Amino acid sequence: MMMDHAAELPRPLRAIPGGRPLSGRIRVPGDKSISHRALMFGALAEGRTRISGLLEGEDVLRTAAAMRALGAEVVRGDPGEWQVHGQGRGHLREPADVIDMGNSGTAARLICGILASHPIFAVLTGDASLRGRPMKRVTDPLSACGARFTGRAGGRLPLAIEGAASPKPLNYRLPVASAQVKSAVLLAGLNADGETRVEEPEATRDHTENMLRHFGADVSVESLEENGGNGRLIRLRGRPALTGADVVVPGDPSSAAFPLVAALLVPGSEVTIAGVGLNPLRTGLFATLLEMGADLRVSGERTEGGEPVGDLTVRHEALQAVEVSRARAPSMIDEFPVLAVAAAFARGTSRFRGLSELRVKESDRLAATAALLAVNGIGVEIEGDDLIVHGTGGAAPPGGGTVLTHMDHRIAMSALVLGLGTRAPVTVDDSGFVDTSFPGFADLMRGLGANLTPA
Ligand code: S3P
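Residues numbered from 1 in each chain as written. Predicted model: local features only at pLDDT ≥ 70, side-chain atom pairs only at ≥ 80, totals over all residues. Heavy atoms only, no water.

Break down the overall build of the protein chain for me, with residues and values.
In terms of helices and strands, the protein chain carries 13 helices and 24 strands. A compact globule built from 455 residues would reach a C-alpha radius of gyration of about 23 Å, and the protein chain, at 21 Å, matches this within 12%. Along the first, second and third principal axes, the C-alpha set of the protein chain runs to 65 × 50 × 45 Å. Across the 455 residues in the protein chain, those meeting the buried criterion constitute 59%. Intrachain contacts of the protein chain at a sequence separation of at least 6 include 77% that bridge at least 24 residues. (Helix = DSSP H or I, 4+ residues; strand = E, 2+ residues; numbered from the N terminus. Rg over C-alpha atoms; globule rule 2.2 N^0.38 Å. Buried < 20%, exposed > 50% of the residue type's maximum accessible area, 1.4 Å probe, protein only. Contact = heavy atoms within 4.5 Å.)

Below is the structure:
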């Protein structure tokens, strides 16, 4: 069921420290990025797409509803098992009503790409968080294919889109490291004649490239040897025959991050998280935690549905402060709030560089992360685009604060993880948005031994 949490009573939740160690073997819900794409590409392909392990969080359910509004048949079977029957690229139906993308920036931006090269009219909106997020980063490049976008000031939602009748292929260099922008441009290119090219100065998650190939598109990726970085040039041949395919969705590494850091912080804990996606463009957090001295092991490494997957086992361990370079940020862009929580317990001062993109997430996540630490008595500073966290070095941080989540699921979960290891409880003003990416989070954590109670 999809909820508009703004229209509901807030659901405050409190983490009580000092309970028993966390222990158990769990799975986390399916990867959000891969789930959105599986539904979208299924709708653009001809024939049947079978998805297993789909994340049934509100963000992804919005994408399912949007694909139905565009003419695809989208059917849920057993939990996580979904089928999509697409009409084929180029054959989307004009939606009869405004499409509401809820809290999901990924859904809104990728769908802009799809709509830009289909000759239909559509209007997208979202909740108050999404209506505040920048869309020009996609509408500017997509306009060059011939689509027209009319939105509120700053190109914000609600946004009216008239897709191009004869879409031109795009040739675009990303000004920001964003997989959403890259994906929007590539998706527009699917229905344009000729080659679409995207240059990214820093590599970002490549699920779009991998999955488009899996559905039959011709996508090539070259590394860009510039400034010693890890940039890439991606080329897509327009108007491929896309054929329905089977997609197995791995556990979301961005969701695994929460129980993982919780187990690191609570003395005596040992937790295994099975079937976590280990795409190297998503594992920056794991590399960083290892540098901090975390007792974190990967076993059972395998490939499932074209993505590397493994089981993570983590034990409580004292952590050292760490510096994270700007170059690593894209591979862990959603994990900085919970990394900041880990850093609050570490010995020494940590610095995370180049976090400007955090300002345009579900909240201003740079400010919200700093505030979540500060209100709980942890030393924190923002210097330019860097976040600096002064760790308590083994002694539990004070806690006792109430964290404002600003409609941001990851701020809520990070604050609750913090409160499992502080001296006093930590409260979040509203845990409702957790359901956008991690339905069942509180129950899963309770099953490990965490004490989370309604406040
Ligand atoms: C996503 C890309 C990231 C990430 C978001 C999911 C995706 O956003 O923060 O949660 O699925 O492409 P940006 O590409 O804007 O950094």
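Right, picking up where we left off after that structure.
An account of the site of the ligand is needed here, citing residue identities and associated values.
Taken together, K32, S33, R37, T106, S178, A179, Q180, R205, I333, D334 and K361 form the complete shell of residues around the ligand. The separation between an oxygen atom of the ligand and a polar main-chain atom of A179 is 2.7 Å. Side-chain polar atom of D334 to an oxygen atom of the ligand: 2.7 Å apart, as the coordinates give it. Every element with two or more residues in the shell around the ligand is listed here: α1 (32–44) and α6 (179–190). (Near = heavy atom within 4 Å. Polar contact = N/O pair within 3.5 Å; in protein donor to acceptor, adjacent residues only side chain to side chain.)

Could you give an account of the packing of helix α8 (residues 253–265) against helix α10 (residues 336–345), naming the residues involved and the relevant values?
Axis separation between α8 and α10 bottoms out at 10 Å; the angle between their running directions is 5 degrees. When the interaxial angle is binned, α8 and α10 end up roughly parallel. Listed contacts from α10 to A257, F258, V261 and L265 of α8 are V338, V341, A342 and F345. Classifying every residue of the contact of α8 with α10 by side-chain character gives eight nonpolar, no polar and no charged. (Axes fitted to C-alpha atoms, helices over the stretch in contact; angles between N-to-C directions. Parallel < 35°, antiparallel > 145°, perpendicular 65-115°, else oblique. Nonpolar A, V, L, I, M, F, W, Y, C, P; charged D, E, K, R; others polar.)

So far we have only geometry, and geometry alone does not tell us how the molecule works.
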